[in-house]
Amino acid sequence: MYKRLSAIMFPLTALLLLGALVWGYQENQEKNSILIKAENQYQRAFHDLSFHVERLHGELGNTLAVNTTSNGRHRKGLVNVWRITSEAQNEINQLPLTLLPFSETEEFLSKIANFSYKAAVRDFTKKPLTEGEMANLKTLYENSAEISKDLQTVQDKVIGKKLRWMDVETALATEQKAEDNTIIDGFKTVDKRVAAYPELDYGPSVASIYAKRSVKKLGGKPVTGEQIKAKALKFAGLGGKAQVKIQENGKGTEWASYTANVTSADHKEPVSMDFTAEGGLLISYNDNREVGPAKVSMKQAVEKAGKFLEKKGYPGMTAVSADRYDNLGNLTFVSSQDGVLIYPEKLTVRVGLDTGEATGFQASDYVHEHKEKRELPKPQLSLAEARAMLNPEFKELYNRLAWIENEDAVELLTYEFGGKINGSQFRIYLNAADGNEEAVEQIRTSSGAQDK
């Protein structure tokens, strides 16, 4: 009996063991193949990064070498700087640096890319490179030489010592000390050097990209939780029996705020609101009620949203866009002054299309940009002169004066023309002083806003 059982079990066990060995070998081969592929990708990205930073240094030098009046060569050089820097940023994103401090270098390259792009796309015949911008290019040329040298030093050591990026990734993920920290130390050295560079004045167009809004910049006196409670009850309008819970966020920081949750027996879901700690200004409002099937039109929703804003202390707002998503409508409103739409002072309202009542409200832009009175200039171009600068095929539907912030983060007066061309609807903003096209945006034809 034992011999029979052994005769059966031994071959079966041997077969299973052999199968396990084969499976394990295949799994190990596949794992090694994946690791080799990842290592090759990391090595290629790193060597490409070193190459492109060196190229960046060279292209900055080429741009500086030509005569200061060589607008064409400056434009070409800046386009190349933007392209090379963008490629370097892409290569950084391919490296396992998420756990390694390299943010200073990433932001440095990002600012170079934005600076070169913003400068390259403008009209050099009207706005050539300034002395300050040329000084920036010289500084960036010197800085890029140092960064390139540091990266090449790391590259030489990686090649000489046959270091692997997979070991770096493992060390960073497990917070264990790698056998050789050459790569990690090299990137830390680069980032530390970049952090020590003095901040350059890249101009308002680039600075606005990195500007951080802070409620402290708004001014106003600090408010208490009790004051926020009163504001929340009034805005929610759920009756005298409503209850409020206040939560303080970021106490002691420049982003301090309050969150108020209002509940009522007559309202199934809570209503939440966020207020600034400085001044108690409403940032957002959210009614969490369930929205049923749509029964009102977008036009009706715009009218109801306008009345909602009027009631809540935002009079004279004008709807400039209205988009529908299933049974919800997202509406954008802006303020106005002397017949001019003030686009920086915008806020959005979300409405449920079952009743047309507001279910959400976002006022961050309005809170940070609102001014009681702006100094608005008179248009230097007549409406007819501005209209003559439009594409002859543009079919105008309406026009109005609009105060906007352009790509250079400069606020200015424009003529806003709404119309159609090539089967689509657009808004075109022409500078009211010289007719320059400051902005062009495509809009949805389903809009219920006041596109006359």
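Quick note: structure is the one above.
Residues numbered from 1 in each chain as written. Predicted model: local features only at pLDDT ≥ 70, side-chain atom pairs only at ≥ 80, totals over all residues. Heavy atoms only, no water.

Caption draft 1: The arrangement of the side chain of glutamate 59 in detail. Residue position: glutamate 59 is located in helix α1 (residues 2-65). Leaving out residues up to four positions away in the same chain, glutamate 59 has contacts with Arg73, Gly77, Asn80, Val81 and Ile84. (Helix = DSSP H or I, 4+ residues; strand = E, 2+ residues; numbered from the N terminus. Contact = heavy atoms within 4.5 Å.)

Caption draft 2: Just the packing of helix α4 (residues 131-161) against helix α6 (residues 182-196), in detail. Relative to each other, α4 and α6 sit at 180°, their axes nearing to 10 Å. Classified by the interaxial angle, the pair formed by α4 and α6 is roughly antiparallel. Contacts between α4 and α6 involve Glu146, Ile147, Asp150, Leu151, Val154, Lys157, Val158 and Lys161 on the former and, on the latter, Thr182, Ile183, Gly186, Phe187, Thr189, Val190, Arg193 and Val194. Of the residues contributing to the contact of α4 with α6, the split by class is eight nonpolar, three polar and five charged. (Axes fitted to C-alpha atoms, helices over the stretch in contact; angles between N-to-C directions. Parallel < 35°, antiparallel > 145°, perpendicular 65-115°, else oblique. Nonpolar A, V, L, I, M, F, W, Y, C, P; charged D, E, K, R; others polar.)

Caption draft 3: Quick peek at the environment of glycine 77. Here glycine 77 lies in helix α2 (residues 71-93). Relative accessible area serves as the criterion here: at 0%, glycine 77 is assigned to the buried category. Setting aside chain neighbours within four positions, we find glycine 77 in contact with Glu59 and Thr63. (Buried < 20%, exposed > 50% of the residue type's maximum accessible area, 1.4 Å probe, protein only.)

Caption draft 4: Geometry of empty space enclosed by the protein. Within the structure shown, the criterion is met by one cavity of 30 Å³ or more. Its boundaries defined by the atoms lining it, the largest cavity holds a volume of some 60 Å³. Lining the largest cavity, in full, are Leu49, Val53, Leu56, Ile92, Phe102, Thr105, Phe108, Leu109, Ile147 and Leu151. Among the secondary structure elements, those contributing two or more residues to the lining of the largest cavity are α1, α3 (103-120) and α4. Along the lines of polarity and charge, the residues of the lining of the largest cavity split into nine nonpolar, one polar and no charged. (1 Å grid on protein atoms, 1.4 Å probe; cavity = no way out; pocket = protein on both sides within 12 Å on 5 of 7 lines; lining within 4 Å. Points joined across faces, edges and corners; volume = space filled by probe spheres on them.)

Caption draft 5: Here's a closer look at the pattern of salt bridges. The tally for this structure, following the rule as stated, stands at 15 salt bridges. Note that glutamate 146 is salt-bridged to arginine 193, the shortest N-O span being 3.8 Å. With a gap of 47 residues between them, glutamate 146 in helix α4 and arginine 193 in helix α6 connect regions that are remote in the sequence. With a relative accessible area of 33%, glutamate 146 lands in the partly exposed category. A relative accessible area of 31% means that arginine 193 is categorised as partly exposed. A salt bridge links lysine 373 to aspartate 338, with the shortest nitrogen-to-oxygen separation between them at 3.6 Å. Within this pair, whereas lysine 373 is found in the loop between α10 (364-369) and α11 (383-387), its partner aspartate 338 is found in the loop between β6 (328-337) and β7 (340-352), the two being separated by 35 residues in sequence. Aspartate 338 shares its class with lysine 373; the two are exposed. (Salt bridge = Lys/Arg side-chain N within 4 Å of Asp/Glu carboxyl O.)

Caption draft 6: Region of interest: a nonpolar patch on the surface. A surface patch of nonpolar side chains, amounting to about 340 Å² of accessible area, comprises Val79, Trp82, Tyr117 and Val121. Judged by relative accessible area, valine 79 falls into the partly exposed class, the value being 35%. (Patch = residues over 30% accessible without salt bridge, like charges linked within 9 Å, V, L, I, M, F, W, Y side chains within 5 Å. Areas by Shrake-Rupley, 256 points an atom, 1.4 Å probe, with all protein chains shown as cover.)

Function cannot be inferred from these measures alone, as they are strictly geometric.
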